[in-house]
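Residues per chain are reported as follows:
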Amino acid sequence: MTLFITGGLAPKAMERQLRREAEPLVVLEHDTLLERGRYPQVGEWLTLSDLAGFRDIEALRAQVALMFSEYLRQRPELGDQPGDSELRKAFVRGAFLEGCFTRVYHMRLRELLWARHRFDRLVVAPGSGVNFAFWRAVAAEEGMEIIVLEPEWKGRGLRRKIERWLCKRAQKKARSSIQPSLQPSIFEGAPDDTGLPLAVCASRRVAPLLAQEKEPCGFRVIQAGMKDLDPPDPAFEAAERERFSTWWRRWKTEVLPASCAPDAKPCLAPLRDLFERMGEEETAGTYPRVSALRARARAWLESRAPAAVIADMQMNEDEAVWSLAAAQAGIPVIAYSYDCLALPDITHSPDILLMDGVRGRSRTLRAGYPAERMIDVRCHRIPAAPPRTAAEIDAAFTARRPLVLSADTMAVINDPQEGLRGYRLLVEAARRLPEMDFVVKFHPLRTPKSEERSFLGMDENEIQVKTRFIRALRPPRNFRLAPPEASMQDWLEKASVLVNTISLTGQEAFHFGIPVVFLCRLDADFITFPDMEKWMTPLLAENADRLVDALRRLATDADFRHAQARQQHHYQDQCFWPAGTSLAAGIRQAARLAAELGPFPR
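Residues numbered from 1 in each chain as written. Predicted model: local features only at pLDDT ≥ 70, side-chain atom pairs only at ≥ 80, totals over all residues. Heavy atoms only, no water.

Colleague: I keep staring at the sheet that holds strand β6 (residues 198-201) and nothing clicks. Help me out?
Modeller: The strands making up a sheet associate through hydrogen bonds between their backbones, and the pairing can be parallel or antiparallel. Read from one edge to the other, the open sheet built from 6 strands follows the order β7-β6-β8-β9-β10-β11, with strand pairing classed as parallel. Every interior strand has two partners, whereas the edge strands, β7 (220-223) and β11 (374-376), have only one. Strand-to-strand twist of the sheet, defined as the mean angle between neighbouring strand axes without regard to direction, takes the value 25°. Across 3 bridges, strand β9 (residues 333-336) lies against strand β10 (residues 352-355) in parallel orientation. Its bridge partner being in β10, Ala335 is matched across the sheet by Leu353. Across the sheet, helix α10 (residues 272-304) is in contact with β6, β7 and β8 (308-312); its angle to β6 comes to roughly 155°. (Pairing = 2+ DSSP bridges. Helix = DSSP H or I, 4+ residues; strand = E, 2+ residues; numbered from the N terminus. Axes fitted to C-alpha atoms, helices over the stretch in contact; angles between N-to-C directions. Contact = heavy atoms within 4.5 Å.)

Rendered as C-alpha cells:
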C-alpha cells in the first residue's frame, strides 16, 4: 500500500505522479485541496486536521520546548560562564525550531497513520510543513520505496513585479507625507542637564513607538544600535570559539548520550542528529561572534552607565546583544514583548516585561515568567485612527457597493488547507452576492520556504500556490486579489465587513467597528482571539450558505451590525486590549519595579 503525501509546491509533478498511481492508495493532504472525484484509485483521503487537532499541536510544541531547554539551560559543570545560557536562548535559529517541531509532529502523524494501515511505499511532495528528511529516514528504516518530488520553484512574474513596484511607490509617497515629531521622546546626544537618569533604547522597533509618546518616560533616552559598536575583537572571538567548542564537545559526550536513553525525560533521541548539527554550527560561528559583540556592547554601556536598557523580545537578531550585555553589567533590562513571548526555558528573559495586552499572556505565565515582573501596556497594534461612528458604520454599507475584505494568513501547520477552503467559500459568496465586492488581501511576505524549514514560511511561492488555486475556481468579476505588499490599513478603511480566520487583522477590525465574520471556530486558547466566546457571540460561517446569510444580514439590518460592533468592542476593551497604560508610563513603572525586585534570576 502506498502513502501519498501531497503538497502545493510541485503541482505539475504531483499531478503526473498521482495520476499514474494504482490501488491501494492513501492520500494525506498538506496544503492542497484536490478534486477527489478525479482520482478513483485513492482508497482513503486524509488531512492533517483529521489526525491532529489544535490541542495536539500545542502539546507537541510544549514537548519540543522541553527538549530544547535541555540544550539551552546553564551548565556550569561543562564550562558555561554566566550569561551563556541566555546567549544561546537569544540566538536560537527559527529553522532549527521548525525542523525539530516538524520532526516530532511527523513522528506523531506516522504513529497515527501506521495504526490505520501498513504501508510499503511512500510518495512525498513538498508543501507547508512537509519534512523530507523525516520521511526519507522512515523509508530507510523500513526498507520502503520512496519517491520525493522536488519543489518547482518559480520566479516572480511580470505581473507580480509591477504590483510590487506600484505598492512600494505608494508606500514611499505615504511615508514622505508624514511630518516628523517636533518634540521626539528619543534623540541622540541628549543633554546631561535635564536631571533625569539615562536610559538606552536598543530596539529599532520600540524607538519609534517611544518617540510618539506624548508623556515623559522618566528617563533621558538615547538610542543605540549595532552601528554604535566596533567590530568584534578577532583575538577575543577566536578564544570564545575555542571555549564554546570545548563546551560543545563535553555536551555531546557527557549530556547527549544520557539524554538519548529510552528512559530519559525528556528523551532527545528523536532529534539527536538535529541537535548535533545545531551544536556544531552554532558553537563554531554564531556564539563566538555574538559573545564578542556582547563584550563590545557591555563596554559601551559601562562607559555611559545607563539606569536601564529598553529592548524588545525578538530572537536571533544582533540587537539582542544589548540585552545580554546589560544583564552581565547589572543594568536592568525593560523589554516590550512586541508580538513575542517571554518563555524562560527557551527565550532570553528581561528583568521586566512590558506585555502588549492579553495576547500570549497566559502562555507566558504558564511557561514560568513571573506575573509580578509583567506590566500590561497599550499594544502598538491598536490603530491610531478612532473607531467608526454609527453613521460611518452604516455608510460603509449604504453609500456604495459594500466591500467584503478577507485577511489572508500564512499556512497553519495543523490545518494548511484552512485558507484554501476559505477561498472556496468566498468565491461562492461573490457569485451569489454580485452587489458586493470581495477582496482577498494576501499576508505580507516573510521567511522564505526551504527544505530545511520543512517548507514553512510566507514567500512568493506560497502566493503562487494560492493564486493558482483561486484562479482555478474561476471567480466572478466582483472578486479580486490584493498583493502582499499592499497596505492592510488602506483596505480596512474601505471595508464594510472583514472575513477572517486567525489573522490579527480581525482585532484591528474590532477596533474600527467593522463587523467580522469568522470562517472557522477558534479554540479558547488561540493566541489571536483567546476566550472570545466567553465575551461575545462571534459570527461564524463554516459554509457558503451561512457566509452569504451573514453578509446579507449585515448589509440590510442596521441594528444587527451595530450590535455586532458593540460586542466586538466589549471583548476587545475588557479582554484583549484592556490596558490603558501607555508605553512611557509602563517604562516608569518598570523602573520602579526593577529596583524593587532586582535582576531576573537567570
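Colleague: Please explain the packing of aromatic side chains as it appears in this structure.
Modeller: Two aromatic rings, taken as a pair, are described by how far apart their centres are and by the angle between their planes. Taken as a whole, this structure holds 27 aromatic pairs when the rule is applied. For the pair Tyr71 and Trp251, a centre-to-centre distance of 5.4 Å together with 80° between the ring planes defines the contact as edge-to-face. Of this pair, Tyr71 sits in helix α3 (residues 54-72) while Trp251 sits in helix α9 (residues 234-259); the two residues are 180 residues apart in sequence, bridging distant segments of the chain. Assigned by exposure class, Tyr71 and Trp251 land together as buried. Plain terms: the ring middles of Tyr423 and Phe469 are 6.4 Å apart, the flat faces sit at 45° to each other, and that makes the pair tilted. With Tyr423 in helix α14 (residues 418-432) and Phe469 in helix α15 (residues 460-472), this pair connects stretches of sequence that are 46 residues apart. For Phe469, a relative accessible area of 14% puts it in the buried group. Each member of the aromatic cluster is reached from another via a ring pair, and the members are Phe68, Tyr71, Trp247, Trp248, Trp251 and Phe275. Against the face of Phe101 rests Arg61, its NZ or CZ located 4.2 Å from the ring centre. (Phe/Tyr/Trp six-rings, centres within 6.5 Å; stacked < 30°, edge-to-face > 60°. Buried < 20%, exposed > 50% of the residue type's maximum accessible area, 1.4 Å probe, protein only. Lys NZ or Arg CZ within 6 Å of the ring centre and 35° of its normal.)

Colleague: Is there a simple way to think about the sheet that holds strand β5 (residues 145-148) in this case?
Modeller: Strand order across the open sheet formed by 5 strands is β3-β2-β1-β4-β5, with parallel pairing between neighbours. In this open sheet, the two strands that pair with only one neighbour each are β3 (42-47) and β5. Taken pair by pair, the neighbouring strands of this sheet meet at an average axis angle of 15°, ignoring direction. The sheet contact formed by strand β1 (residues 2-6) and strand β4 (residues 121-124) spans 4 bridges and is parallel. Paired with Leu3 across the two strands is Leu122, which belongs to β4. Here helix α1 (residues 11-20) sits on the sheet and contacts β1, β2 (25-29), β4 and β5; the angle it forms with β1, its principal contact strand, is near 155°.

Colleague: Even after reading the chapter, I still don't get unusual backbone geometry, so can you show me in this structure?
Modeller: Most of the time, phi is negative for any residue but glycine, and the peptide bond is trans. With an omega dihedral of -10°, the bond running from Glu23 to Pro24 counts as a cis peptide bond. Tracing the backbone through its elements, the reader meets Pro24 in the loop between α1 and β2. The backbone of Tyr338 shows a phi angle near 45°, a positive value even though the residue is not glycine. As for its placement among the helices and strands, Tyr338 is situated in the loop between β9 and β10.

Colleague: Got a minute to help me understand the layout of surface pockets in this structure?
Modeller: If a probe as big as a water molecule is rolled over the atoms, it shows which places are left empty. Here the second largest pocket is characterised by a volume of approximately 730 Å³. Within the residue set of the lining of the second largest pocket, elements represented by two or more residues are α1, α7 (158-177), α15 and β14 (479-482). With 9 residues, α15 is the single largest residue contributor to the lining of the second largest pocket. Among the residues making up the lining of the second largest pocket, the classes are represented as 13 nonpolar, 6 polar and 10 charged. (1 Å grid on protein atoms, 1.4 Å probe; cavity = no way out; pocket = protein on both sides within 12 Å on 5 of 7 lines; lining within 4 Å. Points joined across faces, edges and corners; volume = space filled by probe spheres on them. Nonpolar A, V, L, I, M, F, W, Y, C, P; charged D, E, K, R; others polar.)

Colleague: What is the right way to look at helix α21 (residues 583-597) in this model?
Modeller: For an α-helix, 3.6 residues make a turn, and residues three or four places apart therefore share a direction. When the terminal C-alpha atoms of α21 are compared, their 20 Å separation across 15 residues agrees well with the 21 Å that a helix rising 1.5 Å per residue should span. Taken residue by residue, α21 has Leu583, Ala584, Ala585, Gly586, Ile587, Ala590, Leu593 and Ala594 as its buried positions. Buried positions along α21 lie against α8 (206-211), β8, β9, β10 and β11. Once α21 finishes, Gly598 follows within two positions and takes phi at roughly 80°, a positive value. (Expected span 1.5 Å × (residues − 1).)

Colleague: Got a minute to help me understand the environment of Glu150 in this structure?
Modeller: With respect to the helices, strands and loops of the structure, Glu150 is situated in the loop between β5 and α7. Glu150 has contacts with Ala10, Pro126, Phe132 and Arg136, leaving out every residue within four places of it along the chain.

Colleague: Explanation requested: a nonpolar patch on the surface in the structure shown.
Modeller: Residues Leu158, Ile162, Trp165 and Leu166 make up a contiguous nonpolar surface patch of about 440 Å² in total accessible area. In this fold, Ile162 is placed in helix α7. (Patch = residues over 30% accessible without salt bridge, like charges linked within 9 Å, V, L, I, M, F, W, Y side chains within 5 Å. Areas by Shrake-Rupley, 256 points an atom, 1.4 Å probe, with all protein chains shown as cover. Salt bridge = Lys/Arg side-chain N within 4 Å of Asp/Glu carboxyl O.)

Colleague: What's the story with the environment of Leu426 in this structure? I'm lost.
Modeller: Inspection of the secondary structure puts Leu426 in helix α14. Residue Leu426 is classed as buried on the basis of its relative accessible area, which comes to 3%. In the structure, Leu426 is positioned 12 residues away from Phe438 in sequence and 7.6 Å away in space, judged by C-alpha atoms. Look past the residues within four positions of Leu426 in its chain and what remains in contact with it is Ser406, Phe438, Val440, Phe479, Val499 and Leu547.

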